[in-house]
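# A closer look at the structure
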Amino acid sequence: MTIDLHTHSRVSDGTASPRDLVHAAAAAGLQVVAITDHDTTLGWDEAAAAAVEAGVALVRGIEVSTRFRGAGVHLLAYLPDAGDAALQEELSRIVRGREDRVPTMLARLRELGIPATEEALAASAGDSEVTGRPHVADLLVRLGVVRDRDQAFAEYLADGGPAFVDRYAPELPAMLSVVRAAGGVPVLAHPWGRGSAHVLDERAIAGLRDQGLAGIEVDHLDHDPGTRDRLRAIAQRLDLVVTGSSDHHGTGKTGHDLGCETTAPDQLARILDLAASLGSPTTLIGKAELT
Ligand code: AMP
Ligand code: FE
Ligand code: FE
Ligand code: ZN
C-alpha cells in the first residue's frame, strides 16, 4: 500500500492540473494520494472526478500558511468540510494577502533592473488560482535571470531577500481551531524543514497537541535521517499521527517525485477516524484496504 499525503497541483504552485496530478499518482503506483494545494480547496472537485476515473483513492486536504512565534509554519488540514464558512473566509484572507504583495515584489525586481512586469507574470503563472512567490520564481527563470526556483528563492525571494515582502498568515493555534471546527485533521507539514525548526521544539509541539494538533509529517525530503528519528520519537511520546509524503510540485520542485516518501496505512486510518469523529462530511474518495 503506497500512500502519499502531500502534493500540489497548478491550482497552487504545482505544475500539473488536479486531474493530471491524480492520474500521475495512479501511474506512479500510488493507492492513496492527497491533494494539498496551498490555502485553497479549488482543486478538490476536479481531483475527485479524476480519482474515480484513475482508480486511486483520494484524500482531500489543504496546506495552510500560518505563523507561529513569528515564523512561517505550514499546516496540513485533511478532510475538512470545504463548505465551512469560517475556514473559507480564513483561506481567502491568506490568498488575498499572498496576491496583494506580488505587485510590490515585481516593483522591487524592476528596481534591480529586471523587467518583471504584471503581464509577464500573468503569462508565467498560467491558470493558477493562488499566485505567490513560486510563480515570481518561475518568471525569473523565464527571464533567464536564474536557473530554477531554488536559485530564485536563494537570491531574491526568500525571507530577507531583496524582493521579499511579508504577507498575512493566521496564527497557528487559531488555525488549529478553525480546521478542527471544520472537521479537518491538522498535521504539521515538514516541521523541522526550512524556516520553522527553531520555533517548533518538543515543548511547543506538546502545547500545539493540547490545542488540537493531530500529527506531524516526519518523512519529508527536508528532514535528514537524524531529524526523522528525533521527530518520530516526539510523535510517539505525544501520541501524534506520523505521516510521510513527497510534497510533489510537478516539475516545479526537483527530487520530490510522487511516492518518494509515504505514510503507513495505520496512520492514514487514524486520520480518517479522526475526521469522522470531528463530524466532517468529507471522506476518502475511492476504496483503500487499510489493514
Ligand atoms: P508564498 O506562499 O508565496 O510565500 O510561497 C511559498 C511557497 O514557495 C512554499 O510553499 C514553497 O512551495 C515555495 N518555497 C518557499 N521557499 C522556497 C525555497 N527556498 N526554495 C524553493 N521553493 C520555496
Ligand atoms: Fe509550494
Ligand atoms: Fe510546505
Ligand atoms: Zn507543500
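Residues numbered from 1 in each chain as written. Chains lettered and ligands numbered in written order. Predicted model: local features only at pLDDT ≥ 70, side-chain atom pairs only at ≥ 80, totals over all residues. Heavy atoms only, no water.

## Quick word on the coordination of the zinc ion (ligand 4)
Tetrahedral coordination by four donors puts the ideal angle at the metal at 109.5 degrees, and octahedral coordination by six puts it at 90 or 180 degrees. Here is the rule we go by: Any N, O or S atom lying within 2.8 Å of the metal counts as a donor, with the limit raised to 3.2 Å for Na, K and Ca; because water is left out of the atom set, some sites can appear incomplete. In short, tetrahedral needs four donors with all angles between 85 and 135 degrees, square planar needs four and octahedral six donors with opposite donors over 155 degrees apart and all other angles between 65 and 115, and whatever is left is irregular. To qualify as a helix, a DSSP run of H or I must reach at least 4 residues; to qualify as a strand, a run of E must reach at least 2; elements of each kind are numbered from the N terminus. The buried label goes to any residue with under 20% of its type's maximum accessible area, the exposed label to any with over 50%, and the partly exposed label to all in between, with areas taken from a 1.4 Å probe on protein chains only.
Bound to the zinc ion (ligand 4) on the protein side are His6 (NE2), His8 (NE2), Glu63 (OE) and Asp247 (OD), at distances that span 2.1 to 2.2 Å. Here the zinc ion (ligand 4) binds four donor atoms, and the angle range of 79 to 170° at the metal identifies the geometry as irregular. Read N to C, the donor residues that coordinate the zinc ion (ligand 4) are spaced as H-x1-H-x54-E-x183-D. Here the zinc ion (ligand 4) and the iron ion (ligand 2) are spaced 4.6 Å apart. Taken together, the residues His8 in the loop between β1 (3-4) and α1 (18-27) and Asp247 in the loop between β7 (241-244) and α11 (265-277) connect sequence positions 239 residues apart. Comparing His8 with Asp247, the two get one shared label, buried.

## Some remarks on the site of ligand 1
Definition in use: In this text, near means that some heavy atom of the residue lies within 4 Å of the molecule or strand in question. Each polar contact in these results corresponds to two N or O atoms within 3.5 Å; when the atoms are within protein, one needs to be able to donate a hydrogen and the other to accept it, and residues that are neighboring in sequence are counted only if both atoms are side-chain atoms. Site definitions follow a grid-based scheme: protein atoms alone, a 1 Å grid, a 1.4 Å probe that fits but cannot get out for cavities, and for pockets an open set with protein on both sides within 12 Å along at least five of seven lines, plus lining residues having an atom within 4 Å of a point. Placement in a cavity or pocket follows one criterion, namely that more than half of the molecule's atoms lie within 2 Å of its grid points. Residues are grouped as follows: nonpolar covers Ala, Val, Leu, Ile, Met, Phe, Trp, Tyr, Cys and Pro; charged covers Asp, Glu, Lys and Arg; every other residue, Gly included, is treated as polar.
The environment of ligand 1 is formed by 13 residues, the closest being His38, Arg98, Arg101, Arg133 and Arg167. The contact in question runs from an oxygen atom of ligand 1 to an N or O atom on the side chain of His249, over 3.2 Å. Spatially, ligand 1 is embedded in the largest pocket. The residue inventory of the shell around ligand 1, partitioned by class, reads two nonpolar, four polar and seven charged.

## Overview of the side chain of Asp4
What counts is decided by this rule: Asp and Glu are treated as the negative residues and Lys and Arg as the positive ones, with His and the ends of the chain left uncounted. Here, a salt bridge means any side-chain nitrogen of Lys or Arg that lies within 4 Å of a carboxyl oxygen of Asp or Glu. We call two residues contacting when some pair of their heavy atoms lies within 4.5 Å.
Note that Asp4 resides in strand β1. Put simply, Asp4 is tucked away with no salt bridge, and the nearest opposite charge, on Lys253, sits 12 Å away. Those residues within four positions of Asp4 in sequence are excluded, and the remaining contacts are Leu30, Val32, Val33, Ala34, Ser245, Ser246, Leu258, Gly259 and Glu261.

## Points about the coordination of the iron ion (ligand 2)
Distances from the iron ion (ligand 2) to its protein donors, Asp13 (OD), His38 (NE2) and His249 (NE2), fall within 2.0 to 2.2 Å. Classification of the site at the iron ion (ligand 2) rests on its four donor atoms, whose angles at the metal span 87 to 131°, yielding the label tetrahedral. Within one chain, the residues serving as donors to the iron ion (ligand 2) are arranged as D-x24-H-x210-H. In this structure, the iron ion (ligand 2) is positioned 5.5 Å from the iron ion (ligand 3). Of the two residues, His38 sits in strand β2 (residues 32-38) while His249 sits in the loop between β7 and α11, which places them 211 residues apart along the sequence. Classification of His249 by relative accessible area gives buried; the value is 3%.

## Side note on the sheet that holds strand β4 (residues 71-78)
The condition that has to hold: Between any two strands, at least two bridges found by DSSP are needed for them to pair. Angular values range over 0 to 180 degrees, each being the angle between N-to-C directions of two axes fitted as lines to C-alpha atoms, with helices fitted over their stretch in contact.
Pairing in this open sheet of seven strands is mixed, and the strands run β1-β2-β3-β4-β5-β6-β7 from one edge to the other. Only two strands of the sheet have a single neighbouring strand rather than two, namely β1 and β7. Looking at chain direction, β1 and β2 are connected through two bridges and run parallel. In the sheet register, Asp4 faces β2, and the bridge partner there is Val33. Seen against the sheet, helix α2 (residues 44-54) touches β2 and β3 (57-68) and runs at an angle of roughly 150° to β3.

It is worth stressing that arrangement in space is one thing and function is another; only the former is reported here.
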